[in-house]
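Notes for the structure review
Now for the letters of each chain:
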Amino acid sequence: MPPGMNAPCEFTVPDMPDSSPPPVCRRASGPPSLLGQLLHDNVQYQGTCATAQFRNYRLSSAFQPIFGLAHRRPVGYEALLRASDETGMAVSPLQVFRSAATDEGTVHLDRTCRLLHAHNYQPLASREHWLFLNINPRVVVEGTRYGPFFSELLRRHQLAPAQVVVEILENEITDEGLLADSVNYYKELGCPVAIDDFGAGHSNFDRILRLAPDMVKLDRGLLQQARHTPTARRMLPNLVSLLHEAGCMVVLEGIEDETEALLALEAGADFAQGYFFARPAAAQHISTLATAAFDRLSRRARDDLHQETSRRNAMLQPIIDAFQRCSADYGAGAALALAAAHLVGTHEVLRCYVLDGDGIQIGSNVTPPGAEHTLHPRYAPLRSTTGSDWSGRPYFRAALAEPGALQITRPYFSITDAAMNVTLSIAMRRDGALHVVCCDIRYP
């Protein structure tokens, strides 16, 4: 989402000077309920649109589509707070929430915003879409002290809990117990829970595993790093994959141009949000047509894949040809050093070696002349690999699964020289025993 737009949105408060305390956010002992009182006293209606007042700020709603990258259409809308001061000048949600000052004022403002969003969302409401609602971290922790609210809000606006994704900015909450209780409350209610801005601040996988959210929204900073740093770009798909392994759907937010949208596709994210697809707008003015953007993305992704495949094939084909000759000679009984002589002279080849049927390395690596002098001294303890157990490596397992078929790994970090490698491997019989011939190539 755009910077500064992730503040929670909720109910309205009567206009008052800055020196006045906000109204008490407490459920009455009898009717009317807090929700009914807020509706009666604080929300102003103009047709299907509602606004609210908090201190000297006028509050309204905007909604930004969240697109399914595979579905090529909106799967939900995030409610965003829009605010202006008495002169009509736009102010940030953070400024409005700072003005609340106390926990009581923050809870009241947060609930005001959610009421406002739930009402203004009605033109978009559908069982086919989620409504994403942010909840202020202080409200997550303190909200229960001020009485029930959320269930009544959903009932009043005929929103099923399954339609409303509750976004929690977990890295601002230090009390693990209260955070877990809050997440469990919304889950038991039936709402999907999303952890927002993961990757910023103190976010960690330990919390993801404990809280088991339905979705994780990745901080835009991760996307920026992937855009500018090759290492971060390689890591981003793995991060998405880890979150999928943890049972979470993944949203990449803050996507502002085609390059970032392509990174989201490359990373395997499920959903995307940002100016590239659609800007926030009032519900009645929102644009959900991003067909042209998705058509461009698809063409660009196909073109990039074709170019990358062509580049990789151009680089690898001479090495593959040499590796297959090496494997054939080794399988026919030649010593590995002799069979691999022409292979290790090929540009970018780091080493050739053989594993037995259990993944244990037989003998030492065959390397280009002088290669032993290129390894940095700090990695000297890793130099000798004779007898090493590589049975857990993907290149060994893939070769065993398809004897006689050439296997090519994705780039990965090799501890042999502490660098990114690609490995070719092939399983064969030699003297009746299963061997796996391997060749490591420097990843550019």
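In this convention, every chain numbers its residues from 1, walking through the sequence in written order. In view of the model being predicted, local features appear only for residues whose pLDDT reaches at least 70, and side-chain atom pairs are presented and counted only at 80 or more, with totals across whole chains, interfaces and linings using the full set of residues. Values reported for side chains reflect all heavy atoms of the structure, with hydrogen atoms and water molecules removed beforehand.

1. What to know about the overall build of the protein chain
Inclusion rule: Helix and strand labels come from DSSP, where a helix needs a run of H or I of at least four residues and a strand needs a run of E of at least two; each type is numbered from the N terminus. The classification of residues rests on relative accessible area computed with a 1.4 Å probe and restricted to protein chains. Under 20% of the type maximum is buried, over 50% is exposed, and intermediate values are partly exposed. The contact criterion used throughout is that any non-hydrogen atoms of two residues lie within 4.5 Å. Only the protein chains shown count as cover for residues, and the accessible areas themselves come from Shrake-Rupley with a 1.4 Å probe.
Helix and strand counts for the protein chain come out as 13 helices and 17 strands. Burial analysis of the protein chain (444 residues in total) assigns 50% to the buried set. Taking the contacts inside the protein chain whose residues are at least 6 apart along the sequence as the reference set, 68% of them involve residues at least 24 apart. A total of about 20500 Å² of accessible surface is found on the protein chain, and carbon and sulfur atoms cover 54% of it.

2. Overview of the layout of surface pockets
For clarity, the cut-off: For cavity detection a 1 Å grid was placed over the protein atoms alone, and a set of points counts as a cavity when a 1.4 Å probe fits there but cannot get out; an open set counts as a pocket when protein lies on both sides within 12 Å along at least five of seven lines, with lining residues being those that have an atom within 4 Å of a point. Grid points are joined across faces, edges and corners, and a volume is the space filled by probe spheres set on the points. Charged residues are taken to be Asp, Glu, Lys and Arg, nonpolar residues to be Ala, Val, Leu, Ile, Met, Phe, Trp, Tyr, Cys and Pro, and polar residues to be all remaining types, Gly included.
The computed volume of the largest pocket comes to approximately 1400 Å³. If you go around the largest pocket, you meet 33 residues; those closest to its centre are Arg 233, Glu 266, Glu 308, Arg 410 and Tyr 443. Contributing elements (two or more residues each) for the lining of the largest pocket: helix H8 (220–228), helix H9 (230–245), helix H10 (258–267), helix H11 (291–331) and strand S16 (419–430). Grouping the amino acids of the lining of the largest pocket by side-chain chemistry returns 16 nonpolar, seven polar and ten charged.

3. Thoughts on the pattern of salt bridges
Note the cut-off: A pair is scored as a salt bridge if a Lys or Arg side-chain nitrogen falls within 4 Å of a carboxyl oxygen belonging to Asp or Glu.
Across all of its chains, the model carries 13 salt bridges by this definition. Residues Arg 210 and Asp 206 are paired through a salt bridge, measuring 2.1 Å at the closest nitrogen-oxygen approach. With Arg 210 and Asp 206 both in helix H7 (residues 205–211) and four residues apart, the pair spans about one turn of that helix. Asp 206 gets classed as partly exposed once you look at its relative accessible area, which sits at 44%. The partner of Asp 257 in a salt bridge is Arg 227, and the shortest N-O contact between them spans 2.7 Å. Of the two residues, Asp 257 sits in the loop between strand S10 (249–252) and H10 while Arg 227 sits in helix H8, which places them 30 residues apart along the sequence. Here Asp 257 falls in the partly exposed class, since its relative accessible area comes to 24%. Residue classification places Arg 227 among the partly exposed positions, given a relative accessible area of 31%.

4. With respect to unusual backbone geometry
Working note: non-glycine residues mostly have negative phi, and peptide bonds are mostly trans. Of note, the phi angle at Gln 158 is positive, near 55°, even though the residue is not glycine. Tracing the sequence through the fold places Gln 158 in the loop between helix H5 (150–156) and strand S7 (164–168). Classification of Gln 158 as exposed rests on a relative accessible area of 72%. A positive phi angle, near 50°, is found at Ala 212, a position not held by glycine. Along the chain, Ala 212 falls in the loop between H7 and strand S9 (215–218). Owing to a relative accessible area of 37%, Ala 212 belongs among the partly exposed residues under this scheme.

5. Some remarks on the packing of H9 against H10
Test applied: Every angle, taken between N-to-C directions, lies between 0 and 180 degrees, and every axis is a line fitted to C-alpha atoms, over only the stretch in contact when it is a helix. Every angle not falling under 35 degrees, over 145, or within 65 to 115 is termed oblique; those three ranges are roughly parallel, roughly antiparallel and roughly perpendicular.
Running from amino to carboxyl end, H9 crosses H10 at an angle of 50°, the nearest separation of the two axes being 8 Å. Comparing their axes, H10 and H9 come out oblique. Facing Arg 233, Leu 236, Pro 237 and Val 240 of H9, the residues of H10 in contact are Leu 263, Glu 266 and Ala 267. Split into classes, the residues belonging to the contact of H9 with H10 amount to five nonpolar, no polar and two charged.

6. As for empty space enclosed by the protein
One pass over the structure, following the stated rule, counts two cavities of 30 Å³ or more. Its boundaries defined by the atoms lining it, the largest cavity holds a volume of some 100 Å³. Lining the largest cavity are 14 residues, with Trp 390, Tyr 395, Ser 414, Thr 416 and Asp 440 positioned closest to its centre. Secondary-structure elements contributing two or more residues to the lining of the largest cavity are strand S12 (349–356), strand S13 (361–366) and strand S15 (412–414). Per-element tally for the lining of the largest cavity: the top contributor is S15, with three residues.

7. So, the nonpolar core
In plain terms, the rule: Remark: nonpolar core denotes a set of buried residues (Ala, Val, Leu, Ile, Met, Phe, Trp, Tyr, Cys) joined through side-chain atoms within 4.5 Å.
If you look at the biggest cluster of nonpolar residues, it comprises 75 residues, and the most contacted ones within it are Leu 59, Phe 63, Phe 150, Leu 218, Ile 255 and Phe 277. No other element matches helix H3 (residues 103–120), which puts six residues into this core. Among residues more than four places away in sequence, those in contact with Ile 255 are Arg 220, Leu 223, Glu 260, Ala 261, Ala 264, Ala 272, Gln 273, Gly 274, Tyr 275, Phe 276 and Phe 277. Counting 22 residues, the second largest nonpolar core, distinct from the first, contains Tyr 330, Val 366, Met 428 and Val 437.

8. Re the confidence of the model for the protein chain
Predicted coordinates in areas of low pLDDT are best not read in detail. This is how the line gets drawn: The pLDDT value tells you how sure the predictor is about a given residue, anywhere from 0 up to 100.
In the predicted model, the protein chain carries a mean pLDDT of 83, and the fraction of residues at 70 or more is 84%. Confidence over residues 1–32 falls short of pLDDT 50; this stretch has 119 contacts with residues more than four positions distant or in other chains.

9. A short note on the environment of Cys 352
Positionally, Cys 352 belongs in strand S12. Of the residues examined, Cys 352 reaches a relative accessible area of 0% and is grouped as buried. Setting aside residues up to four positions removed in sequence, Cys 352 forms contacts with Cys 326, Leu 336, Ala 340, Leu 343, Val 344, Ser 364, Asn 365, Val 366, Val 437, Cys 438 and Cys 439.

10. Notes on the environment of Gln 224
What counts here: Distance and chemistry together define a polar contact, namely a pair of N or O atoms within 3.5 Å, with one atom able to donate a hydrogen and the other to accept it when in protein, and with adjacent residues in sequence counting only for side-chain atoms on both sides.
Within the secondary structure layout, Gln 224 lies in helix H8. At 2.7 Å, the side chain of Gln 224 and the side chain of Glu 260 are in polar contact.

11. What to know about the pairing of strand S4 (residues 73–84)
To keep things clear, this is the line we draw: Two strands qualify as a pair provided DSSP detects at least 2 bridges between them.
For S4, the tally of buried residues reaches ten of twelve residues, placing the bulk of the element in the interior. Where strand S3 (residues 57–68) and S4 come together, eleven bridges link them in antiparallel fashion. Paired with Arg 58 across the bridge in S4 is Ser 84. Here S3 folds back onto S4, and the loop between the two strands holds four residues, one of which, Arg 72, carries a positive phi near 60°. Where S4 lies against strand S6 (residues 130–135), three bridges are found, and the strand directions are parallel. In the sheet register, Tyr 77 faces S6, and the bridge partner there is Leu 131. Direction of pairing for S4 relative to strand S5 (residues 90–91): antiparallel, over a ladder of two bridges. From the neighbouring strand, Ser 84 faces S5, where its bridge partner is Ala 90.

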